[in-house]
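Coordinate inspection notes
One-letter residues, chain by chain:
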Amino acid sequence: MSKITDLVTDLARPVVEANGCSLWDVEYIKEAGSWYLRLYIDKEGGVSIDDCEAVSRGVDPLLDEADPIQDAYTFEVSSAGADRPLKKPEHFAAFLGAEVDVKFYQAVNGQKSCTGILAGYQDGDVTLTLGNETVTFPKKEIAFVRLHVRF
């Protein structure tokens, strides 16, 4: 799958940037028996539906021409979202000092998740400030990390 997402990233990035946005992530996943190719975009001040439409219209013909995916799939362009997942080193670097939610594969200290201030990231290990202490969680324990949203 990573070859597909890498190819799509290379195809999509110039279109995304030409529309004043940045490419946050590309995923190719199977959900409920159907394949989805999703581009997540970001922009200073927020992404509008018009941004998503413009990127979709620009990338769709490139995908048709390159034909990187043999199976049927649904193509979607979306905002990275306020509670966006942090997956890449550059994602973590951009949000150092931000409040994040960490979900664990198995309970850690009796909890399946925690919320703290992102204090560091190295080789998949995530360091959080939790109250008055700083704790590093190994990559192998972490299912995902997302920005925390307060309502």
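Notes on the structure follow. Treat the numbers as computed from the prediction; the structure is a model and nothing was measured.

Observations concerning the sheet that holds strand β6 (residues 125-130)
If you walk across this open sheet you meet the five strands as β7-β6-β5-β4-β8, and the pairing is antiparallel. Sheet topology places β7 (133-137) and β8 (142-147) at the edges, where each strand pairs with a single neighbour. Each strand of the sheet is rotated relative to its neighbour by a mean of 40 degrees, with strand direction disregarded. Pairing of β6 with β7, which is carried by five bridges, proceeds in the antiparallel orientation. Bridging across to β7, L128 finds its partner in V135.

Overview of the sheet that holds strand β1 (residues 22-31)
Here three strands make up an open sheet; going across it, the order is β1-β2-β3 and the pairing mixed. The open sheet is flanked by β1 and β3 (74-79), the only strands paired with a single partner. For this sheet, the mean inter-axis angle between neighbouring strands, taken without regard to orientation, is 20 degrees. Where strand β2 (residues 34-42) and β3 come together, six bridges link them in parallel fashion. Each bridged residue has a counterpart across the sheet, and for I41 the counterpart in β3 is S79. With respect to the sheet, helix α2 (residues 49-66) is in contact with β2 and β3, its orientation differing from that of β3 by roughly 145 degrees.

Here's the deal with unusual backbone geometry
A positive phi angle, close to 50 degrees, is found at D67, a residue other than glycine. Here D67 lies in the loop between α2 and β3. Taking relative accessible area as the criterion, D67 reaches 44% and is therefore assigned partly exposed.

Re α2
The end-to-end C-alpha separation of α2 is 25 Å, in line with the 26 Å expected for 18 residues at 1.5 Å each. Every buried residue belonging to α2 is among D51, C52, V55, V59 and L63, and all of these are buried. One or two positions beyond α2, positive phi appears at D67, with a value near 50 degrees.

Some details on the packing of aromatic side chains
Scanning all chains against the criterion turns up four aromatic pairs. Ring geometry for W24 against F95: centres 6.0 Å apart, planes inclined by 70 degrees, an arrangement best described as edge-to-face. Of this pair, W24 sits in strand β1 while F95 is found in the loop between α3 (89-94) and β4 (99-108), placing the two residues 71 residues apart along the sequence. With a relative accessible area of 10%, W24 lands in the buried category. F95 sits in the partly exposed class, given a relative accessible area of 22%. The interplanar angle of 50 degrees and the centroid separation of 4.9 Å between the aromatic rings of F104 and F137 together place this pair among those described as tilted. On the criterion of sequence distance, the pair formed by F104 in strand β4 and F137 in strand β7 is long-range, its members being 33 residues apart. Each member of the pair, F104 together with F137, is buried. The lysine or arginine in question, R84, covers the ring of W24, its NZ or CZ lying 4.7 Å from the ring centre. Looking at R146, its charged tip hangs above the ring of F144, at a distance of 5.1 Å from the centre.

What counts and how
Residues numbered from 1 in each chain as written. Predicted model: local features only at pLDDT ≥ 70, side-chain atom pairs only at ≥ 80, totals over all residues. Heavy atoms only, no water. Pairing = 2+ DSSP bridges. Helix = DSSP H or I, 4+ residues; strand = E, 2+ residues; numbered from the N terminus. Axes fitted to C-alpha atoms, helices over the stretch in contact; angles between N-to-C directions. Contact = heavy atoms within 4.5 Å. Buried < 20%, exposed > 50% of the residue type's maximum accessible area, 1.4 Å probe, protein only. Expected span 1.5 Å × (residues − 1). Phe/Tyr/Trp six-rings, centres within 6.5 Å; stacked < 30°, edge-to-face > 60°. Lys NZ or Arg CZ within 6 Å of the ring centre and 35° of its normal.

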